[in-house]
Amino acid sequence: MPINILMPALSPTMEKGNLAKWLKKEGDAVKSGDILAEIETDKATMEVEAVDEGVLAKIVVPEGTSDVPVNDVIAVLAAEGEDPKAVSASGGAPTKEAPKEAAKEPAKAEAPKAEEPKVEPTRAEAPAPTAKAGPAPVADGNRVFASPLARRLAKEAGIDIAAIAGSGPHGRVVERDVKSALAGGAKPAAAAVPAAAPAPKTAPAPAPAGMGDEQIKKLFEPGSYEEVPHDSMRKTIARRLTESKQTIPHFYLSVDCELDALLTLREQINAAAPKDKDGKPAYKVSVNDFVIKALALSLMRVPDANVSWTDNAMLRHKQADVGVAVSIPGGLITPVVRKAETKSLSTISNEMKDYAARARARKLKPEEYQGGSTAVSNLGMFGIRDFSAVINPPHATILAVGAGEKRVIVKNDAPAVATVMTVTLSTDHRAVDGALGAELIAAFKQLIENPMGLLV
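Residues numbered from 1 in each chain as written. Predicted model: local features only at pLDDT ≥ 70, side-chain atom pairs only at ≥ 80, totals over all residues. Heavy atoms only, no water.

A. Quick peek at the confidence of the model for the chain. Confidence in the prediction for the chain averages 82 pLDDT; 81% of positions are at 70 or higher. Scored below 50 in pLDDT, residues 89–125 makes 36 contacts in the model with residues more than four places away or belonging to other chains. (pLDDT = per-residue confidence, 0-100. Contact = heavy atoms within 4.5 Å.)

Written out as structure tokens, the structure reads:
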């Protein structure tokens, strides 16, 4: 039976993607694991892998197509023994081969109109076998990621798909996993107990709407501006930051950190870096690398602040995964330094250089910029003295870092000159209270001003 290849969801925020390039053409043989296409998301360009084997019978969405919704059919794969030309003509599974449940809904089984070449995925309760290319999408709730064929086989056998370990890409349950479960004597799933009807909820008040496009345009003289359409990254940034400010109760804590000891240590570390035959040092540590390590160690010292808020529980993290805001053309992205508390300054430095280069080329993988427990946003290189950053969910904190500059301070009851950096901690007040936030930023200040503690 023909297999529909769907536009995959490559990140939790992805709703649409751009089909940048097909790496296979119609008539090519496809094996599981083959790279089929390149998809541009709001953050990166990702390769899509095939899950099933067959012949690429029809490309439904041509390369260069923008804003293709997740789960739309992008191509059709002819299974072994099928005529690819026949599949190409039909654009998918023949109606007569659809499951019986689908036949009960004739309105949904109608063939698409001639002027609509896109093949719609079936909406019946038991769909015809289809397969998504690429990593399994992430969704909320208790959804299990499995190929449609695996779901159908499990359903026919009465096996709970959630009890089967997946061996496909990113842990996806595929056909061979279900067959292995059957061979191992898996027990049929127990009949589901109807859930009680949920109590009616009061509809939330609608969010205040801003001015419409036409209202704004009327405020300016025609021809005095140029319209630059938003790309997917800018739309995602706008949506997530609006969501953050509307749903997370922010509050802010600022401290001044003296940097002279840190700058001296940084100079010594960089001077001691080994060099290759061309004289290039193995690493060059920046002030931001010290900031990342200091924030990670601070979270280990104040573990109650190393959390993420959920409606039912507080997620207390066992390691410090620190996101670092990186500016790229059209927006920004936040790659995550995993277990930053365990890494040396030189390792963090080289990792961030790699992340920044691949971020600007949009080559980061979703697992490299998703998650994390906190983040750093540094605008000091632009001469910004201090600012307040917006929390990036699911983080509970973000540290805004300003420029280090010479300032007159009071030391031993006398004026003195020191290099001072102002940092501001934005916190989610649901998860990190004022006193806890103050404890965290005090730990950070102590490490920055006594930087030898970052080396032991």
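Back to the write-up after that little detour.
B. Local environment of the sheet that holds strand β10 (residues 250–258). Here we have six strands laid out as an open sheet, ordered β10-β19-β18-β17-β13-β16, and mixed in their pairing. At either end of the open sheet lies a strand with only one pairing partner, and these are β10 and β16 (336–337). Examined bridge by bridge, strand β13 (residues 322–324) and β16 share two bridges and lie antiparallel to one another. Counterpart to Gly323 in the pairing with β16 is Val336. (Pairing = 2+ DSSP bridges. Helix = DSSP H or I, 4+ residues; strand = E, 2+ residues; numbered from the N terminus.)

C. Quick look at helix α10 (residues 345–360). For α10, built from 16 residues, the straight-helix expectation of 22 Å at 1.5 Å per residue is met to within 8% by its first-to-last C-alpha distance of 23 Å. All of the buried residues in α10 are Leu345, Ile348, Ser349, Glu351, Met352, Tyr355, Ala356 and Ala359. (Expected span 1.5 Å × (residues − 1). Buried < 20%, exposed > 50% of the residue type's maximum accessible area, 1.4 Å probe, protein only.)

D. Seen up close, unusual backbone geometry. Residue Pro393 is joined to Pro394 through a cis peptide bond whose omega torsion reads 10°. Even without a glycine there, the phi angle at Asp67 is positive, about 55°. Locating Asp67 in the fold gives a position in strand β7 (residues 65–69). A relative accessible area of 39% means that Asp67 is categorised as partly exposed.

E. Expanded view of the sheet that holds strand β5 (residues 45–49). Reading across from one edge, β5-β4-β2-β7 is the order of the four strands in this open sheet, with antiparallel pairing throughout. Since the sheet does not close on itself, it has two edges, and those belong to β5 and β7, each with one partner. Geometrically, the sheet is characterised by an average inter-axis angle of 40° between neighbouring strands, direction not taken into account. Judged from the three bridges that link them, strand β2 (residues 16–22) and β7 form a sheet pairing that is antiparallel. Residue pairing in the sheet places Leu19 in a bridge with Thr65 of β7. (Axes fitted to C-alpha atoms, helices over the stretch in contact; angles between N-to-C directions.)

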